[in-house]
Amino acid sequence: QVQLVESGGGLVQAGGSLRLSCAVSGRTFSTYGMGWFRQAPGKEREFVAGITWSGGTTYYADSVKGRFTISRDNAKNMVYLQMDSLKPEDTAVYYCAADRARLTRVVVAIREYDYWGQGTQVTVSS
């Protein structure tokens with residue numbers, strides 16, 4: 001059973017930074033495409049950033065492009081989301097997700113991800 005555990009969330013002022021981490025169990029992590037999603041109160045879960053299994057391709061939602069950076073360390077079974085220049089509208093529960101398909105493109109659709117973490121709260125105060 002693959003497990004994903006997010007950490008690094010918290011309360012930060014607007015303009016600040018946070019780094020989210022996602023630890024993934026299992027020996028096949030290096031074959032998974034990985035993504036970060038978020039869900040704000042009363043809103044649907046949305047794609048934030050994704051990275052292919054090799055780390056060679058990344059893709060970002062327009063709302064975070066230029067501010068967030070996704071990366072992975074296959075030797076440590078970890079994926080990260082560096083969030084800079086945070087805005088109050090970035091407030092949400094952030095989830096990491098894994099896709100088993102080993103694609104050469106970033107997966108954006110929620111339904112294509114196979115495994116999910118429990119989420120970590122990010123709150124940005126104005």
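Note that residues are indexed from 1 along each chain, following the sequence as it is written. Totals for whole chains, interfaces and linings use every residue, but because this is a predicted model, local features are given only for residues with pLDDT of at least 70 and side-chain atom pairs only at 80 or more, for both listing and counting. Only heavy atoms go into the side-chain values, all of them from the structure, while hydrogens and water stay out.

Draft legend 1. A look at the sheet that holds strand β3 (residues 18–24). Spatially, 4 strands are ordered β1-β3-β8-β7 in an open sheet, and the strand pairing comes out antiparallel. Strand pairing shows two members of the sheet lacking a second neighbour, β1 (4–7) and β7 (68–73), which therefore form its edges. Ignoring strand direction, the axes of neighbouring strands in this sheet form an average angle of 15 degrees. Across 6 bridges, the pairing between β3 and strand β8 (residues 78–83) is antiparallel. In the sheet register, Ser21 faces β8, and the bridge partner there is Tyr80. Paired strands, in this sense, are two strands between which DSSP finds at least two bridges. Segments assigned H or I by DSSP are reported as helices when at least four residues long, segments assigned E as strands when at least two residues long, and all are numbered from the N terminus. Every axis corresponds to a line fitted to the C-alpha atoms, with the helix fit spanning only the stretch in contact, and the corresponding angles, defined between N-to-C directions, vary from 0 to 180 degrees.

Draft legend 2. Local environment of the packing of aromatic side chains. When two rings of Phe, Tyr or Trp (its six-membered ring) have centres within 6.5 Å they constitute a pair, described as stacked for plane angles under 30 degrees, edge-to-face for angles over 60, and tilted for the intermediate range. Overall, the coordinates contain 6 aromatic pairs when judged by the stated rule. Relative to Tyr113, the ring of Phe37 has its centre 5.2 Å away and its plane inclined at 85 degrees; by these criteria the two rings are edge-to-face. Here Phe37, found in strand β4 (residues 33–39), pairs with Tyr113, found in the loop between β9 (92–99) and β10 (115–116); they are 76 residues apart in sequence, far enough to count as distant. Throughout this description, buried means an accessible area under 20% of the type-specific maximum (1.4 Å probe, protein chains only), exposed means over 50%, and partly exposed covers the range between. Phe37 sits in the buried class, given a relative accessible area of 0%. Classification of Tyr113 by relative accessible area gives buried; the value is 6%. For the ring pair Phe37 and Trp116, a centre distance of 4.9 Å and an interplane angle of 55 degrees mean the geometry is tilted. In this pair, Phe37 sits in strand β4 while Trp116 sits in strand β10, placing the two residues 79 residues apart along the sequence. Residue classification places Trp116 among the partly exposed residues on the basis of a relative accessible area of 25%. Cluster of aromatic residues (ring-pair linked, three or more members): Phe37, Phe47, Tyr59, Tyr113 and Trp116. For Arg19, the ring lying beneath its charged end belongs to Tyr80, and the centroid distance is 3.9 Å. Think of it as a cone above the ring: NZ of Lys or CZ of Arg counts as a charge over the ring if it is within 6 Å of the ring centre and within 35 degrees of the ring normal.

Draft legend 3. Layout of the pairing of strand β5 (residues 46–51). Across the 6 residues that make up β5, a large majority, 5, are buried. The pairing of β4 with β5 spans 5 bridges and is antiparallel. Of the residues in β5, the one forming a bridge with Gly35 is Gly50. Where β4 folds back onto β5 in an antiparallel hairpin, the turn is made up of 6 residues, including Gly42, whose phi is positive at roughly 80 degrees. Bridge count for β5 against strand β6 (residues 58–60) is 3 bridges, and the pairing is antiparallel. Along β6, the bridge assignment pairs Ala49 with Tyr60. Hairpin connection from β5 to β6: 6 residues lie between these consecutive antiparallel strands, with Gly55 at a positive phi of about 80 degrees.

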